[in-house]
Amino acid sequence: MYATCMWIVQLLLILSKIDQVFPYVPEFYVETLVDCFHALRRSDPPFVPPAVLLQQGLSSFVTFLVTHFNDPRIANADLRDVLLQSISVLVQYKEYMVAFERNEVAVERMPGALLSAFDNRFWIPVTNILLRLCKGSGFGTSKHGESWSNLFQDLLRKKCYLDEKLFASFLNRLFNTLSWTITEFSVSLKEMREHYQVPDLQQRKCTIIFELSCNLARVLEFFTCGMPQAFLCGPETNMIRLTELIVFVLNRTTSTADAELFDNTLKQQGQSLEKINRGMILAPLVGMILNLTDKTVSSCHGVQNVLMQTFTNMDCSPEVGVFKGDPSLARLVELKCFVENVKSKSKADRQIPNSNREDGETCCICYACEIDTLFIPCNHKSCIRCISRHLLNNQRCFFCNSIVSEVCSMSSILSTDDSQYRGSGGTDTLVAEGGILIKQDPT
């Protein structure tokens, strides 16, 4: 079996270099390779000494997995999912993680390929892999704070720095997916509350959705630590979405009626507290706040108050959770200081009277900001926050469904004295692929 496994992987690696041939390789070759390798790995007694499998057989197998789990030439999505699941299984073990770190192809390609593969089809296995790579970097995750792979954590940060477009696209999909899972969990709780006898399938769904939400939150926590400038110095939308997410979770786990619903439903249905408890979802949120608070204190970019200001504008006061048995507890003092500062600033802001606005100046999408942006070519208007966020997922106008090719600051339009503005004379931002806004060079 070992010889067969080695022969197949070498054959596939050679054929993968020939574009005219590789798409026609029978799928059962790949399936057989994966099945043989895992059979060798799990065999008891072992067919092959573990040292031989790790030193000789694993390198080629890792190379094939990393090279092709996101290969568009493999048309069968289920087959690519098998490759991703294999990576997810292997990185759970330290000895196999070392093999990935020593593999040149894995070091070069895997970080970018994982970020690219995070989509509607493969987000669960990619999340599991990222979660394992980022192990030890989150709040309350380890009593010893041991990192699972410092190398891949650094490689992920470097890839995000070098490819801002890829990271922006990944971050948008991460926010979308996390919002969906948390909303689904909230809906599941309400459905369970309405019935005295809940089917086991419904309880299992609730548990799985909650676990997925916690895992996604851990991944987001890692990027607030590794890429804080994406939230503090990047597009304002990132900080707003992060704050909305934190507030949404806090409101449903620590605030009044929703918190009571969270507790009572779990007790009524007999859910294990090891699988679903408030600390599991609050811990990564605390980590996000502390990560960005640290960076605002040491930042030299004039963003010391951006995090606090955003929370204040959302009209919320984060609750402090309880986490036991972890050295991260020492940082709860910082969280309490942050919460007190948010409460004080929020109270002070409420005492300042709102400025009177004329009818028609307020954005009709959010009813919170002034209209300051024009869409090209349809000439409809909104605030920059609303259109920036909308374009991340849909490049058509809110109102008329026309494709938005450019957005322009209203101040630029006024300076041109052109009430029928339709050209490029006053535009300052183009809509790129994926809805990312790109500033134009004024020259």
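The shown structure was predicted, so the numbers you read here are calculated from the model rather than taken from an experiment.

On to the overall build of the protein, then. Scanning the protein for helices and strands turns up 18 helices and five strands. A total of 443 residues make up the protein; the buried ones form 47% of that total. Relative to all contacts within the protein whose residues are 6 or more apart in sequence, the contacts with residues 24 or more apart total 66%. Roughly 22,900 Å² of accessible area belongs to the protein as shown, and the carbon and sulfur atoms make up 52% of that amount.

What follows is about the packing of aromatic side chains. How two aromatic rings sit relative to each other is set out by the distance from centre to centre and by the angle between their planes. Counted under the stated rule, the structure contains 11 aromatic pairs. A centroid spacing of 5.9 Å and a plane angle of 80° characterise the contact between Y93 and Y96, whose relative ring orientation is edge-to-face. Taking the relative accessible area as the measure of exposure, Y93 reaches 35% and is therefore partly exposed. Overall, the relative accessible area of 8% leaves Y96 in the buried class. Ring geometry for W123 against W180: centres 6.4 Å apart, planes inclined by 85°, an arrangement best described as edge-to-face.

This structure, assessed with the given rule, holds eight salt bridges. D154 is the partner of R157 in a salt bridge, and the nearest nitrogen-oxygen pair spans 2.8 Å. A residue pair is termed a helical-turn pair when its members lie 3 or 4 positions apart in one helix, as R157 and D154 do in helix 8 (residues 150–162) at three residues. On the accessibility criterion, D154 (47% relative accessible area) is partly exposed. Residue E244 pairs with R389 through a salt bridge whose shortest N-O separation is 2.5 Å. Residue E244 is located in helix 12 (residues 236–253), and its partner R389 is located in helix 17 (residues 384–391); the two are separated by 145 residues in the primary sequence. Its relative accessible area of 31% is what places R389 among the partly exposed residues. Each of the salt bridges in this network shares a partner with another, and the network as a whole consists of D19, D71 and R73.

A few words on the nonpolar core. Within the largest apolar cluster, 102 residues are counted, with the highest numbers of intra-cluster contacts made by F100, L114, F170, L220, F223, F231 and L242. In terms of nonpolar packing, the next biggest core, distinct from the first, is built from seven residues, C378, L391, C397 and V407 among them.

In this section: the environment of R218. Inspection of the secondary structure puts R218 in helix 10 (residues 200–226). For the pair formed by R218 and G287, sequence separation is 69 residues and the distance between their alpha carbons is 8.7 Å. Polar side-chain contacts of R218 include one of 2.8 Å to the side chain of E221.

Applying the stated criterion across every chain yields a total of three cavities of 30 Å³ or more. Of the pockets and cavities examined, the largest cavity occupies roughly 90 Å³. In terms of lining, the largest cavity is formed by 12 residues, of which the most central are I182, F185, V249, R252 and T253. Breaking the lining of the largest cavity down by element, the ones donating at least two residues are helix 9 (164–193), helix 10 and helix 12.

At a minimum axis separation of 9 Å, helix 7 (residues 123–133) and helix 10 run at an interaxial angle of 55°. Taken as axis vectors, helix 7 and helix 10 run oblique relative to one another. Pair helix 7 / helix 10 crosses with left-handed handedness. Across from W123, I124, T127, N128, L130 and L131 in helix 7, the residues of helix 10 making contact are L212, N215, L216, R218 and V219. Here the residues of the contact of helix 7 with helix 10 sort into seven nonpolar, three polar and one charged.

On to the pairing of strand 1 (residues 373–376), then. Neither face of strand 1 is open: one carries T373 and F375, the other L374 and I376, and all of them are buried. Note that strand 1 and strand 2 (residues 381–382) share two bridges and pair antiparallel. Counterpart to T373 in the pairing with strand 2 is S382. Here strand 1 folds back onto strand 2, and the loop between the two strands holds four residues, one of which, N379, carries a positive phi near 70°. Across four bridges, the pairing between strand 1 and strand 3 (residues 406–409) is antiparallel. Residue L374 lies in a different strand from strand 3, and its bridge partner there is C408.

The next subject is the environment of Y96. Along the chain, the position of Y96 falls in helix 5 (residues 94–102). Expressed as a C-alpha distance, the spacing of Y96 and V62, which sit 34 residues apart in the sequence, is 9.4 Å. When neighbours within four sequence positions are excluded, Y96 is seen to be in contact with R41, L53, L54, L58 and L90.

With that settled, the discussion passes to the confidence of the model for the protein. In this model, the protein carries an average pLDDT of 79, and 75% of its residues clear a pLDDT of 70 or more. Mean pLDDT across the elements of the protein bottoms out in helix 15 (residues 306–313) (54) and peaks in helix 6 (residues 104–117) (94). Every residue in residues 314–325 is under pLDDT 50, and counting partners more than four places away or in other chains gives 31 contacts. Residue range residues 418–427 is modelled with pLDDT below 50. Its contacts to residues more than four positions away, or to other chains, number 18 contacts.

The next subject is the state of the cysteines. The final tally for this structure, using the stated rule, is zero disulfides. Looking at the unpaired C364, the closest cysteine sulfur is the one in C363, lying at 5.5 Å. On the accessibility criterion, C364 (36% relative accessible area) is partly exposed. Among the cysteines around C366, which has no disulfide bond, C386 carries the closest sulfur, lying 3.6 Å off. A residue is classified by how much of its surface remains accessible, and C366, at 31% relative accessible area, is partly exposed.

Cut-offs and rules
- Residues numbered from 1 in each chain as written.
- Predicted model: local features only at pLDDT ≥ 70, side-chain atom pairs only at ≥ 80, totals over all residues.
- Heavy atoms only, no water.
- Helix = DSSP H or I, 4+ residues; strand = E, 2+ residues; numbered from the N terminus.
- Buried < 20%, exposed > 50% of the residue type's maximum accessible area, 1.4 Å probe, protein only.
- Contact = heavy atoms within 4.5 Å.
- Areas by Shrake-Rupley, 256 points an atom, 1.4 Å probe, with all protein chains shown as cover.
- Phe/Tyr/Trp six-rings, centres within 6.5 Å; stacked < 30°, edge-to-face > 60°.
- Salt bridge = Lys/Arg side-chain N within 4 Å of Asp/Glu carboxyl O.
- Core = buried A, V, L, I, M, F, W, Y, C linked by side-chain atoms within 4.5 Å.
- Polar contact = N/O pair within 3.5 Å; in protein donor to acceptor, adjacent residues only side chain to side chain.
- 1 Å grid on protein atoms, 1.4 Å probe; cavity = no way out; pocket = protein on both sides within 12 Å on 5 of 7 lines; lining within 4 Å.
- Points joined across faces, edges and corners; volume = space filled by probe spheres on them.
- Axes fitted to C-alpha atoms, helices over the stretch in contact; angles between N-to-C directions.
- Parallel < 35°, antiparallel > 145°, perpendicular 65-115°, else oblique.
- Left-handed = near helix turned anticlockwise from the far one by under 90°.
- Nonpolar A, V, L, I, M, F, W, Y, C, P; charged D, E, K, R; others polar.
- Pairing = 2+ DSSP bridges.
- pLDDT = per-residue confidence, 0-100.
- Disulfide = S-S within 2.5 Å.

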